Amino acid sequence: MSRFDVVDISDYCLEVRVESAATAQAYARAIRDLDLFDEVVPGLESVAILYHTTLFPSDRVVEIVRECLDTAPAEWHANAGERRVRIRYGGKNGPDFSKICSDLGVSPQAFISLHTARAYRVEMIGFTPGFSYLGGLSDKLNVPRLLSPRQHVPAGSIGICGVYTGIYAMGGPGGWPIIGHSADDFFDASKTPPFLIEPGMSVRFEAI
Amino acid sequence: MIAEILAPGQQTTLQAGQRRGYRHFGMPWAGAADMVSLAYANALLGNAFEATALEVSFGGCRIGFEQPTLIALAGAPAVAQLNVRDVNFYQRIVVKAGDILTLQHPPVGVRTYIAISGGFSGHPMLGSTSTYLPARLGGYEGRALKTGDRLEYTPARTERPMMELPARLQPTLLNSWSLRVTPSGETALLNPESQRHLAESVFTVGHRCDRMGFALEGPRLNVASDGLMKSAPVFPGTIQCPENGVPFVLGIDAQTTGGYPRIASVALCDQHLLGQCRPGDRIRFLIRTPQQARDSYLAKQNLLRDRLPGFRLC
């Protein structure tokens with residue numbers, strides 16, 4: 001009995017449908033580790049597999065994927081690891097920090113202890129290169145997106161939005177309120193992998 | 001050796017092959033929006049198909065060459081002059097020191113490729129020199145070219161025999177397109193009437209049209225979506241439809257995940273044409289099963305084999 005459906009989402013991509021981001025991440029990693037496919041991309045409830053249609057008939061890809069996932073863990077990958085991220089809250093580092101604290105009715109200290117109290121899971125990376133959606137934010141810190149997104153948010157910026165906190169690994173446009181900044185190198189093209197934060201990892205913040 | 005941008009036109013970037021294998025980190029592919037035209041321009045010079053070239057959107061650019069070389073033009077057909085002499089697309093053009101290439105505005109298509117013998121130097125990043133504008137990486141300082149930018153190139157050399165392309169085999173572009181598409185992840189959310197519209201109506205390429213993609217104006221489609229779809233993987237060629245009923249096609253710079261229903265996907269064999277779809281162009285979609293689309297891919301691949309031996313559409 002299969003725990004998942006596999007469907008075509010195009011003539012060169014299959015998608016595995018799963019129940020949770022945790023399973024999507026674990027499965028994506030297991031399939032990527034086969035090193036057979038150009039791209040293995042997890043969504044929140046799916047994993048897309050891009051294959052060479054001239055190398056693999058699609059039914060063969062389905063077989064390979066099913067075989068691989070029969071033995072794959074269905075939860076977060078144990079080897080994804082943990083990262084500590086040093087963050088400076090507020091001021092120039094977090095231009096939206098004071099306003100968010102007053103909107104939420106919490107003191108800056110209370111905000112920082114709530115934000116640093118938990119380990120967050122990297123549920124998804126996307127939207128812009130290396131941008132990580134860290135799940136598990138306290139519901140006391142639930143804020144909406146900015147009314148008008150910023151044209152440019154510097155690399156290392158840390159934002160919050162809804163149930164997520166997130167890290168901008170590279171500079172780019174962004175609509176999340178920014179609470180702080182980390183000087184850690186989240187992107188280094190000379191490293192393998194080039195991004196410090198990987199899907200499935202757990203992340204803890206440390207105020208400095 | 002230096003080529004100087006004397007006028008950049010609306011948007012000119014360095015593009016080459018795609019930056020593949022990093023979509024799970026949120027890294028889009030970038031690369032030539034019309035990879036077949038890039039391959040033609042390079043093959044005419046004996047370059048690798050994906051050698052770094054200029055992608056000029058909507059023409060209107062001027063480039064000065066400070067040392068002799070060979071160049072070739074392919075893609076959106078604009079009147080082109082070397083100094084005061086007209087030069088043709090799909091032919092090698094001998095450039096002398098001090099020559100100036102001028103490209104007018106193409107009447108059809110969007111992107112003209114200017115390849116140079118040996119390729120332009122671009123900043124390599126994760127296996128590709130292609131410019132990805134939103135994150136400012138690759139290419140020339142990660143950005144579109146400006147007047148006064150100085151591009152480096154190497155002395156003329158060839159990596160493989162130079163291709164000849166007789167006039168009768170040269171691609172022509174029009175302002176209406178028939179693109180093969182397959183169903184995608186959430187096609188079932190379209191009601192039967194909207195599925196019929198997708199298969200039978202003529203859509204128009206919307207005004208905002210760039211490397212990220214373009215909207216499809218025409219009949220509004222009805223997607224049964226509560227707006228709460230979980231972000232799912234998307235690719236160049238994915239057609240998404242938000243609740244407002246106006247679908248859009250993702251281009252070669254497509255982000256890696258999206259939260260709108262994926263109602264169709266442009267078949268691999270026709271994706272290179274998306275790079276030439278221009279605001280106001282008309283598009284009809286030909287609905288195919290994934291297997292039919294894969295057969296069409298093989299057919300087109302065979303067709304291109306004579307002209308571009310070893311080239312792979314992807």
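Residues numbered from 1 in each chain as written. Chains lettered and ligands numbered in written order. Predicted model: local features only at pLDDT ≥ 70, side-chain atom pairs only at ≥ 80, totals over all residues. Heavy atoms only, no water.

Focus on the packing of aromatic side chains
- Inspection of every chain in the model, using the stated rule, returns 22 aromatic pairs over all chains.
- Ring-pair connections join several aromatic residues into one group, and the members of that group are F131, Y133, Y164, Y168 and W176 of chain A.
- Seen from the ring of W29 of chain B, R20 of chain B lies directly overhead, with NZ or CZ sitting 4.0 Å from the centre.
- Against the face of W29 of chain B rests R23 of chain B, its NZ or CZ located 5.0 Å from the ring centre. (Phe/Tyr/Trp six-rings, centres within 6.5 Å; stacked < 30°, edge-to-face > 60°. Lys NZ or Arg CZ within 6 Å of the ring centre and 35° of its normal.)

Overview of the interface of chain B and chain A
- Counting residues at the interface gives 44 residues for chain B, matched by 45 residues for chain A.
- Together, the buried faces of chain B and chain A total about 3,300 Å²; carbon and sulfur atoms form 62% of this surface.
- The interface formed by chain B and chain A holds 3 salt bridges in total.
- Residue E15 of chain A pairs with R262 of chain B through a salt bridge whose shortest N-O separation is 2.7 Å. (Contact = heavy atoms within 4.5 Å. Buried area = accessible area lost by both parts, 1.4 Å probe. Salt bridge = Lys/Arg side-chain N within 4 Å of Asp/Glu carboxyl O.)

With respect to the sheet that holds strand β14 (residues 213-217) of chain B
Residue and element names in this part refer to chain B.
- The 7 strands lie next to each other as β12-β19-β16-β17-β14-β13-β20, forming a closed barrel whose pairing is mixed. Taking each pair of neighbouring strands and ignoring which way they run, the sheet shows an average axis angle of 40°.
- Across 2 bridges, strand β16 (residues 238-240) lies against strand β17 (residues 248-250) in antiparallel orientation. Looking across to β17, one finds that Q240 is bridged to F248. (Pairing = 2+ DSSP bridges. Helix = DSSP H or I, 4+ residues; strand = E, 2+ residues; numbered from the N terminus. Axes fitted to C-alpha atoms, helices over the stretch in contact; angles between N-to-C directions.)

Some words on the sheet that holds strand β6 (residues 119-125) of chain A
Residues and elements named next belong to chain A.
- Spatially, β5-β12-β9-β10-β7-β6-β13 is the arrangement adopted by the 7 strands of the closed barrel, whose pairing is mixed. Direction aside, neighbouring strands of the sheet carry axes that sit 40° apart on average.
- Relative to strand β10 (residues 164-167), strand β7 (residues 132-135) runs antiparallel, the two being bridged by 4 bridges. Each bridged residue has a counterpart across the sheet, and for S132 the counterpart in β10 is I167.

With respect to the pattern of salt bridges
- Taken as a whole and judged by the stated rule, the model has 24 salt bridges over all chains.
- Here R20 of chain B makes a salt bridge to D38 of chain A, at a shortest N to O gap of 2.8 Å. Of the two residues, R20 of chain B is situated in the loop between β2 (11-15) and α1 (35-43) and D38 of chain A in the loop between α1 (21-32) and β3 (39-42); the pairing between them involves two chains.
- Residues D96 of chain A and R150 of chain A are paired through a salt bridge, measuring 2.9 Å at the closest nitrogen-oxygen approach. With D96 of chain A in the loop between β5 (82-89) and α3 (97-104) and R150 of chain A in strand β8 (residues 150-153), this pair connects stretches of sequence that are 54 residues apart.
- Each of the salt bridges in this network shares a partner with another, and the network as a whole consists of E15 and R17 of chain A together with E186 and R262 of chain B.

In short, the description is geometric, and any link to function would need to be established separately.
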